[in-house]
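Geometric and topological summary
Each chain, letter by letter, is given below.
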There are 2 protein chains.
Amino acid sequence: MDLDRSPLARPFPDLPPIDGATPRVARARYKEWDRCDLTLVEFAEGTAVAGLFTKSACASPEVEAGRAQIGGGRARALVVNAGNSNAFTGAAGREAVEQIQAQVAEGLGCEAHEVFVSSTGVIGVPLPKDKARAGVDAALAAEPCDWLEVARAIGTTDTFEKGAHASAFIDDTEVRLIGVIKGSGMIAPDMATMLGYVVTDAAIEPALLQELLSEANGPSFGSITVDSDTSTSDTVLAFGTGTAGNAPLVDHDSPGADAFASALADLCDQLAKLVVRDGEGATKFIEIRVSGAQSDDSAHRVAMSIANSPLVKTAIAGQDANWGRVVMAVGKAGEPADRDRLSIRFGGVEVAREGRAVEDFDEAPVAQHLKGEEIVVEADLGIGSGRARVYTCDLTHGYISINADYRS
Amino acid sequence: MDLDRSPLARPFPDLPPIDGATPRVARARYKEWDRCDLTLVEFAEGTAVAGLFTKSACASPEVEAGRAQIGGGRARALVVNAGNSNAFTGAAGREAVEQIQAQVAEGLGCEAHEVFVSSTGVIGVPLPKDKARAGVDAALAAEPCDWLEVARAIGTTDTFEKGAHASAFIDDTEVRLIGVIKGSGMIAPDMATMLGYVVTDAAIEPALLQELLSEANGPSFGSITVDSDTSTSDTVLAFGTGTAGNAPLVDHDSPGADAFASALADLCDQLAKLVVRDGEGATKFIEIRVSGAQSDDSAHRVAMSIANSPLVKTAIAGQDANWGRVVMAVGKAGEPADRDRLSIRFGGVEVAREGRAVEDFDEAPVAQHLKGEEIVVEADLGIGSGRARVYTCDLTHGYISINADYRS
């Protein structure tokens, strides 16, 4: 199935090299395609690592291994397989992961537990060990490549390559952060994974990197949804090579820690938005803002209820300022709300206030806003000071075509 | 917008009259259409009533009134308005409900709190009081009608009339139960309500009727989903006229109470299935069975996670035995599960067992099953004895056409 490039696509930015991180790609041919589908990033000794993994109770063996490894805090390599998620494959899947770790560890002269592995693609087929072995051999022997080639090699049916960068000053030393990501949600049948990787040259303690990554996750990767379906393989990893020469960041009070945290949060925000922009069938990027909730957590759940409502998403696809569906989605969220204090805005224009329609609101700017590619829907619950913001996309015939018309 | 009759439609059954319940319909013309859209059912003095209402925090004034009235246990009339849900309309909406109650109470010589009102249709427009007044006048003066006319008059963009019946013996006395319902979920833009009504001639205490209706609700109306979006107006009411001559049912130990409870549960099950059969864009009726969960409640949440997964629903629309998506939906449910004990069946054929694909399962009967109109998906979690069963439909281009292509 050929997928058209998303109308919401963004050009791939110029990403700088990161000292201490050497990416290579190779052809493992996990599917019948002629493209690089195995990525190997080698890291300098002492590289800090932090990670976030899917909460799925049916996680892939890669995720299980990553959860066990991440506490060690150090990484020497990342391997990403595209075309086969290796999820739900029993002992055979676990063996494939262990084989890759052992082979890379031998090739680079490191420990197996310093090799992180991710896979994305079809569920239920064990990753073929022979193809993995040949692919890793080819990658170990390959010339280094740039981040664009990495972004392309980790993709499955992504319609454009997704990357972002940021920087921060730690005292007088500038540190660089780059990120590549693939998505989004369920771009194509059985291709069901968001994998994101952040690489920085900053010197930073693994525990602090983990803390800052977890903090950055909430408003970024934790605040996007394409179709409410959560992959068995979702993974975000952050690597700090420590080659920038900054005074190492040890905790929140280290000079420059705040600037680094902001840059990391900005990078994760950019990456998360790119995933939504490649949501299957998406024609509109939607930002949902909820305010006046009982708490921030409550606001987040209400925002997710709106963002996951098929009726809200189809209304926006149809350029329809259907605030009744937003009311419905607030009401079903199971969170404290008072119908008679609820207000709703489309594109900044209030269309409902205190539990009823705003009479004679100016429809022209609302209609104009809904014709655009970036839609903002705001709901103020009027009962507290909790706030949240989530990103999603619309629900179109494209989604059905990708997921129903095609047979796996 | 003209909607084609659902391919899953069922013919309307012959429903018997119920002594003590007199239905009438009239034209209030809430929309620009030439059809009956106001229903008035008059009940004999002493009729018991029980009810279930949406849990939405943004419920309509009809639902708020109903919640307040239901504790009284007695009803003399039901009024159903179709074409305008009167939800999210502030004080004006409340006044419209109170006007209808007062007018009907005067017409029938009863108390206003014995008059139950439901409305379904567009959100955010106060029910026009002049049209309601003229419609109620016309209904009070109309000839009695049959239940098919009621099923038609309460519908909005339902594509077929939905009704069912059951009976039970209480000692030697046969009691009859009939039900009519409209739905389903969100059949058309802004038409967002499931309204169901059960009428029986059984003599039964209101408290017991409420208890039995609540018990019947879990596996019927509480176990269906079309698109996970919950209306602001969902209502199920049960009326017992007491005209059958049976010894009144007072509690669970009353002779015949079990038979009546079974008949009521059967009736609710039939009505709930009919709502799914009229799900927007539906081409397949899907039964999801979950077993081996930690508890029945946990099994229900897992089953709902599968039933609400857009990827599972689109796979079935595409006749694709994509069990990887079922694994995904189990994993994201947030309930206890063990990937390596999970088994999945389509149409009774095991396709995955103990955390991996069944090699060489017989694909022919699975493919044949998926071509049919009634699909059964089973997931056994293998960790306990909790069970649940829910009904849903597939997700097709029809759903998008109904909800996105059409502008409100």
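Each residue is numbered by its place in its chain's sequence as written, counting from 1. Labels follow written order: the first chain is A, the first ligand is 1, and so on. Thresholds applied to this predicted model are a pLDDT of at least 70 for local features of residues and 80 or more for the giving and counting of side-chain atom pairs; totals over whole chains, interfaces and linings are not thresholded and use all residues. Computation of side-chain values covers all heavy atoms of the structure but excludes hydrogens and water.

**Observations regarding the interface of chain A and chain B**
To keep it simple, the criterion reads: It only takes one pair of heavy atoms within 4.5 Å for two residues to be counted as in contact. For any pair of parts, buried area is found by adding up, for both, the accessible area (1.4 Å probe) each one loses once the two are put together. The salt bridge criterion pairs a side-chain nitrogen of Lys or Arg with a carboxyl oxygen of Asp or Glu, the two atoms within 4 Å. Counting from the N terminus, the helices are DSSP H or I runs at least four residues long and the strands are E runs at least two residues long. Amino acids outside the nonpolar list (Ala, Val, Leu, Ile, Met, Phe, Trp, Tyr, Cys, Pro) and the charged list (Asp, Glu, Lys, Arg) are all regarded as polar, and Gly is one of them.
With 63 residues of chain A in contact, the opposing surface of chain B contributes 63 residues. For the pairing of chain A and chain B, the buried interface totals around 4900 Å² over both sides, and the portion due to carbon and sulfur atoms is 56%. Of all residues in chain A, F88(A), R339(A) and H397(A) bury the most surface against chain B, accounting for 17% of the area lost on that side. Taken together, the links from chain A to chain B amount to 4 salt bridges. Between R339(B) and E64(A) there is a salt bridge whose closest N-O contact spans 3.2 Å. Sorting the residues of the side of chain A that touches chain B by element identifies α1 (61-69), α2 (90-108), α8 (310-317), α9 (323-332), β13 (356-357) and α11 (397-405) of chain A as the ones contributing at least two each. Per-element accounting of the side of chain A that touches chain B gives the leading share, 8 residues, to α9(A). Class assignment of the residues belonging to the side of chain A that touches chain B gives a composition of 26 nonpolar, 22 polar and 15 charged.

**Focus on the sheet that holds strand β1 (residues 21-26) of chain B**
Residues and elements named next belong to chain B. Counted only if it meets this: Strands are treated as partners if at least two bridges between them are detected by DSSP. Axis definition: a line fit to C-alpha positions, over the contact stretch in the case of helices; interaxial angles, taken between N-to-C directions, run 0 to 180 degrees.
With mixed pairing, 4 strands are arranged side by side in an open sheet as β1-β2-β4-β5. The open sheet has two free edges, formed respectively by β1 and β5 (115-122), since each of these has just one partner strand. Direction aside, neighbouring strands of the sheet carry axes that sit 15° apart on average. Pairing of strand β4 (residues 77-84) with β5 involves 8 bridges; the strand directions are parallel. Each residue of the ladder has a partner; that of L78, found in β5, is F116. Contacting β1 and β2 (38-43), helix α3 (residues 129-141) runs over the sheet at an angle of about 50° to β2.

**Thoughts on the domain arrangement of chain A**
Residues and elements named next belong to chain A. Selection rule: Throughout the structure description, domain borders are defined by an automatic or database domain assignment.
In terms of domains, chain A is made up of domain 1 (21-277) and domain 2 (285-405). Each of domain 1 and domain 2 was reduced to a C-alpha centroid, and the two centroids are 33 Å apart. For the pair domain 1 and domain 2, the summed buried surface comes to about 1300 Å²; carbon and sulfur atoms form 53% of the total. At the boundary of domain 1 with domain 2, the tally comes to 2 salt bridges. Between R277 and E374 there is a salt bridge, and its shortest N-O distance comes to 2.4 Å.

**Focus on the sheet that holds strand β3 (residues 48-53) of chain A**
Sheets are built from strands paired through backbone hydrogen bonds, the pairs being either parallel or antiparallel. Residues and elements named next belong to chain A. If you walk across this open sheet you meet the 5 strands as β3-β9-β8-β7-β6, and the pairing is mixed. One side of each edge strand has no neighbouring strand; the edge strands of this open sheet are β3 and β6 (162-170). Each strand axis lies, on average, 15° off the axis of its neighbour in the sheet, ignoring direction. Two strands pair when backbone bridges link them, and β6 and strand β7 (residues 173-182) are joined in this way by 9 bridges, in the antiparallel orientation. The residue of β7 that forms the bridge with H165 is I178.

**Details of the environment of K129(A)**
All names here are of chain A. What counts here: Burial classes follow relative accessibility: with a 1.4 Å probe on protein chains only, a residue under 20% of its type's maximum area counts as buried, one over 50% as exposed, and anything between as partly exposed.
For K129, the position within the fold is in helix α3 (residues 129-141). By relative accessible area, K129 is classed as partly exposed at 33%. Spatially, the C-alpha atoms of K129 and S401 are 33 Å apart, while their sequence positions differ by 272 residues. Setting aside residues no more than four positions away along its own chain, K129 makes contact with E95, A96 and Q99.

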